[in-house]
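Next come the chains, spelled out residue by residue.
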Amino acid sequence: MTHHPQLDQLAGKLFHVFSRTEYALKAAGYNNGDGAAEANWRNFALAVEEIIANPTTQELQDAIGFFLSVPPKKQVIVGGVIQWEVSEPGTNSQADKLLIYVRRVRNNLFHGGKFNGHWFAPERSEPLLRHSLTILTACVEFVPAVREAYHG
């Protein structure tokens, strides 16, 4: 079995950043209101539309371009067999689409789609993880209340 310590490190960082981001969204008012404490990613996406439309760094521009040209696939089961499916989110917001893709990367990783003791397609996993981190970080930093909750 081939070890990929860089992927292990990126995956750990994504879990860390993603968890803090979800907390920050809920704490900053990007939540679904009373009841279950859930982040409202759609409202957050609308708040970060500007940074996605006009990336402030080459790194963010590259991450957006990567996700829009080769988005993460969705894991499905067809006839009892695990497969990967291209599934474009049904949204009219580019920021919402990108944040759905970032959540898909997290879900694929967390729910065993990318890792079962060894990395599937490590050459694809690395940019998915790296670009997810870039997009999440830029979006968090763009909204003052979210940035404050994230760092506070």
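What counts, and where the lines are drawn
Residues numbered from 1 in each chain as written. Predicted model: local features only at pLDDT ≥ 70, side-chain atom pairs only at ≥ 80, totals over all residues. Heavy atoms only, no water. Helix = DSSP H or I, 4+ residues; strand = E, 2+ residues; numbered from the N terminus. Polar contact = N/O pair within 3.5 Å; in protein donor to acceptor, adjacent residues only side chain to side chain. Axes fitted to C-alpha atoms, helices over the stretch in contact; angles between N-to-C directions. Parallel < 35°, antiparallel > 145°, perpendicular 65-115°, else oblique. Contact = heavy atoms within 4.5 Å. Nonpolar A, V, L, I, M, F, W, Y, C, P; charged D, E, K, R; others polar. Core = buried A, V, L, I, M, F, W, Y, C linked by side-chain atoms within 4.5 Å. Buried < 20%, exposed > 50% of the residue type's maximum accessible area, 1.4 Å probe, protein only. Left-handed = near helix turned anticlockwise from the far one by under 90°.

1. Brief notes about the environment of Thr91
And step 1. As for its placement among the helices and strands, Thr91 is situated in the loop between β2 (81-85) and α5 (94-110).
And step 2. Along the sequence, Thr91 and Lys73 sit 18 residues apart, while their C-alpha atoms lie 16 Å from each other.
And step 3. For Thr91, the side chain forms a polar contact with the main-chain nitrogen of Ser93, separated by 3.2 Å.

2. Some remarks on the packing of helix α4 (residues 58-69) against α5
And step 1. In contact at an axis separation of 11 Å, α4 and α5 are set at 80° when each is read in the N-to-C sense. Here α5 runs roughly perpendicular to α4, going by the angle between their axes. Of the residues in α5, those touching α4 at Ile64, Phe67 and Leu68 are Gln94, Lys97, Leu98, Tyr101, Val102 and Val105.
And step 2. Class assignment for the residues of the contact of α4 with α5 results in 7 nonpolar, 1 polar and 1 charged.

3. Examining the nonpolar core
A general trend in soluble globular proteins is that nonpolar side chains are found buried together.
And step 1. Phe44, Val48 and Ile135 are the most contacted members of the largest nonpolar core, which totals 40 residues.
And step 2. Taken together, the elements giving at least two residues each to this core come down to α1 (5-27), α2 (41-47), α3 (49-53), α4, α5, α6 (122-142) and α7 (144-151).
And step 3. Excluding residues that lie within four positions of it along the chain, Ile135 makes contacts with Leu60, Ala63, Ile64, Phe67, Leu98, Leu99 and Val102.

4. Some words on the packing of α1 against α7
And step 1. Their axes nearest at 8 Å, the elements α1 and α7 cross at an angle of 125°. In terms of their interaxial angle, α1 and α7 are classed as oblique. Judged by the twist between their axes, the crossing of α1 over α7 is right-handed. Residues Val17, Arg20, Thr21, Tyr23, Ala24, Leu25 and Ala27 of α1 lie in contact with α7, whose contacting residues are Val146, Ala149, Tyr150 and His151.
And step 2. Looking at side-chain class alone, the contact of α1 with α7 contains 8 nonpolar, 2 polar and 1 charged residues.

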